[in-house]
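Remarks on the overall topology
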Amino acid sequence: MITATESSMQARESTALKEHRKAFKEFIDTWDLQYKRQISSIKLFSAVSDCALTQKQKVYFVKVFYHIRGHFHDFLWHMGNHAPNGPAKKIILENISEEFGGDRYSHEQLYYNFSKSLGVDIKQEIVSESAYDEFVINFNKGHLEWLIKNDWISNLAAFSAYEHLDNIDYPVLSSLARRIGTPDHALLFFTVHEKVKHFDSLLEVLLDAWVLSSEKVIQGFEFISRHQLAMWNGLSNKIFAHGCQQE
């Protein structure tokens, strides 16, 4: 039998959890809006830009974007090796498994299809790393440096924020891919990432982390948005360093 005291404690805990959930949602919603506003102002992604990429710029984008996304396995490897328990490790393993695509094409193979449609041999780029520019190297190393310096809650928050950005970044990237002439059949790499639900599967464990330390969750999200936007700005500046064609 539940005593009156125990019932009162459960009611207080339930109310406190609702308040945490509300505060967490408000933070995510605000973070989303701020990020969307900032990425939309970047020249490469601007809907009002009158700049068309030259063929050389298109080839560069295809090659450098591979390195922006193609080294995520280092992030996952660190997370999996430092996850504190079985359920946490399972989250990372499920993410890796989805990258392989099950019975369908892996995400890597989908990128090969995208690059091939624009006449780029991405397999050769993986070996030569001709477009693995310093700002992208710093982007990838910056993730690892931050993960190493912070604890699991902070790492989980950063990982969750990075996963959540797929649902924001990829609609923008899909639009860019269409603008540079990618045929519909080769857009699957982008459209798959628009619809991924990785972040949804992290919500409850992330809420638990929020209850333990909302400050660490906020810091993890803010690091990722700041780091990601700096990279996108670096990419845009690099692509338009020598101007563009007027549409």
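Right above here is the structure, for reference.
Below: a short report on this structure. Only a predicted model underlies this, so the values are computations on that prediction, with no experimental measurement involved. All residue numbers here refer to positions counted from 1 along the written sequence of the relevant chain. Confidence filtering applies because this is a predicted model: local features only for residues at pLDDT of at least 70, side-chain atom pairs given and counted only at 80 or more, and all residues used for totals across whole chains, interfaces and linings. Excluded from the side-chain calculation are hydrogens and water; included are all heavy atoms of the structure.

With that settled, the discussion passes to the overall build of the chain. Note on conventions: DSSP H or I runs of at least 4 residues are helices, E runs of at least 2 residues are strands, and numbering of each starts at the N terminus. Per the secondary structure count, the chain includes eleven helices and two strands. Secondary structure of the chain in N-to-C order comes out as α-β-α-α-α-α-α-α-α-α-α-α-β. Summarising its shape, the C-alpha atoms of the chain cover approximately 75 × 35 × 35 Å along the three principal directions. The burial tally for the chain puts 45% of its 247 residues in the buried class. Residue contacts are counted whenever heavy atoms from the two residues lie within 4.5 Å of one another. Of all intrachain contacts in the chain linking residues separated by at least 6 positions in sequence, the fraction that spans at least 24 positions is 82%. In this scheme, a residue with accessible area under 20% of its type's maximum is buried, one over 50% is exposed, and one in between is partly exposed, where area comes from a 1.4 Å probe on protein chains only.

Expected span, for any helix, means 1.5 Å times one less than how many residues it has. Over its 16 residues, helix 7 (residues 134-149) runs 22 Å from end to end, which matches the ideal 22 Å to within 8%, given 1.5 Å per residue. Among all positions in helix 7, only Val136, Phe139, Asn140, Gly142, His143, Trp146 and Leu147 are buried. Lining the buried residues of helix 7 we find helix 2 (55-70), helix 3 (72-82), helix 8 (152-179) and helix 11 (214-239).

Turning next to the pattern of salt bridges. Definition used for salt bridges: Asp or Glu carboxyl oxygen within 4 Å of a side-chain nitrogen of Lys or Arg. Throughout the structure, instances matching the rule amount to six salt bridges. With its nearest N and O atoms 2.8 Å apart, the salt bridge here joins Asp29 to Lys25. With a gap of four residues between them, Asp29 and Lys25 both fall in helix 1 (residues 4-40), about one helical turn apart. For Asp29, a relative accessible area of 33% translates into the label partly exposed. Judged by its relative accessible area of 53%, Lys25 is exposed.

It is worth spelling out the side chain of Asp169 at this point. Secondary-structure assignment places Asp169 in helix 8. Look at Asp169 and you get buried, because its relative accessible area is 1%. When residues no more than four places from it in sequence are discounted, the contact partners of Asp169 are Tyr35, Ile39, Arg69, Gln228 and Trp232.

The subject of this paragraph is the packing of helix 4 (residues 86-100) against helix 8. For helices, the fitted line uses only the C-alpha atoms of the stretch in contact; every axis is such a line through C-alpha atoms, and the angle between N-to-C directions lies from 0 to 180 degrees. Contact geometry of helix 4 with helix 8 gives a least axis separation of 13 Å together with a crossing angle of 25°. With respect to their mutual orientation, helix 4 and helix 8 come out roughly parallel. Judged by the sense of rotation from one axis to the other, the crossing of helix 4 with helix 8 is left-handed. Where helix 4 abuts helix 8, its residues Ala88, Ile91, Ile92 and Asn95 lie against Trp152, Phe159 and Glu163. When an angle is under 35 degrees it counts as roughly parallel; over 145 it counts as roughly antiparallel; between 65 and 115 it counts as roughly perpendicular; any other value is oblique. The hand of a helix crossing depends on one turn: near helix anticlockwise from the far one by less than a right angle means left-handed, and clockwise means right-handed.

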